[in-house]
Amino acid sequence: MRIAVAGATGNIGARAVAVLEQAGHEVVRISRSLGVDLTTGDGLDAALTGVEAVIDATSHTAADRDDAVAYFGTTTRNLLAAEEQAGVRHHVLLSIVGVDRVEGNAHYAGKREQERLVTEGPVPWTIVPATQFHDFAAAVTSWTEQDGAAAIPPLLVQPIAPADVADILTEIATGAPQGRYRDVAGPEPQDLVDMARRTNDARGHAVKLVPTWSSLLGPEMAGDVLLPGEGARIAPTTFDEWLAKQQ
């Protein structure tokens, strides 16, 4: 198949490209750094010529709700319009478990807008809600670290390996559209503060962790809000297995 990956240079997108190519598919990489701009649509029509399926693994870091909604809205509209024009038969969107249960987070608001446009759009679709990735705790540390300390919310998560997410997305992209797919998650719940401590230790990064809700992620994410629902697809790689490769 000829399959396009939006966000092809990112954490999940790059892995999806590798998996698809290893399986013998022809992959079109969509990324601003590669000359295809989703925010303007420049290069999209040419990139999607002959494409049968698109995996959207794009991401955007925004602290402002309006900015996040505008970004995901613009890029998704441009992508879907170009897909319709090109006759793409399957749009696969990577989303987040619990995206409808968190109101105060800018990124989640943007992802909800993205989901809305996909479900109401002209291209047959599958939305894949995934839990946080194994490297999420380290990412939060990098976002908040200052003067040797980092604020970490005491979240309960059930993290999944980025490589497992890429495998699932590519499997789905080569099949028929399924609508909203079941939640996908890693094998076991974890405490985000403990994940951050263990990841930083494994990578030799010395930082003092300060558990607090007064940070980027608030108490609306507490409890089981971020955990997968019943019937979730459980990916095989544990956090311990992933962590062993960070050393």
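For every chain, the first residue of its written sequence is number 1, and the numbers climb from 1 along that sequence. This being a predicted model, a pLDDT of at least 70 is required before a residue's local features are given, and a value of 80 or more before pairs of side-chain atoms are given or counted; all residues contribute to the totals for chains, interfaces and linings. Side-chain figures throughout are based on the complete set of non-hydrogen atoms in the structure, without hydrogens or water.

### What to know about the environment of V99
Note on conventions: DSSP H or I runs of at least 4 residues are helices, E runs of at least 2 residues are strands, and numbering of each starts at the N terminus. As for its placement among the helices and strands, V99 is situated in the loop between β4 (90–96) and α4 (106–120). The sequence separation of V99 and E171 amounts to 72 residues, and the corresponding C-alpha distance is 23 Å. The contacts of V99, once residues within four sequence positions are left out, are Y108, K111, R112, E115 and R180. Note on contacts: a residue pair is in contact if any heavy atoms of the two residues lie within 4.5 Å.

### As for the side chain of T131
The residue T131 is located in the loop between β5 (125–130) and α5 (136–144) in this model. Relative accessibility thresholds used throughout: buried, under 20% of the residue-type maximum; exposed, over 50%; partly exposed, between the two (1.4 Å probe, protein chains only). The exposure class of T131 is buried, given its relative accessible area of 3%. In this view, T131 contacts V97, Q158, P159, I160, V184, A185, G186, L226 and P228; residues no more than four positions away in its chain are not counted.

### Observations concerning the UniProt feature "domain: NAD(P)-binding" (unreviewed entry) in the protein chain
The sites that carry the UniProt feature "domain: NAD(P)-binding" (unreviewed entry) are, in the present numbering, residues 7–173. For residues 7–173, the end-to-end C-alpha separation is 15 Å, with 43% helix and 17% strand making up the annotated structure. UniProt positions are given in the numbering used here, feature names are shortened, and annotations may be inferred rather than shown by experiment.

### Section: the pairing of strand β2 (residues 26–30)
Here, strands pair whenever DSSP counts at least two bridges between them. Pairing geometry for strand β1 (residues 2–6) and β2, over five bridges, is parallel. Paired with A6 across the bridge in β2 is I30. You can see the chain leave β1, run along helix α1 (residues 13–22) and come back into β2, and the turn it takes is right-handed. Here a crossover is taken to be right-handed if, once the strands point away from the viewer, the path from the first strand over the helix to the second is traced clockwise.

### A look at the side chain of D37
In this fold, D37 is placed in the loop between β2 and α2 (44–47). Judged by its relative accessible area of 16%, D37 falls in the buried class. Not counting the four nearest positions on each side in its chain, D37 is found in contact with R32 and D42.

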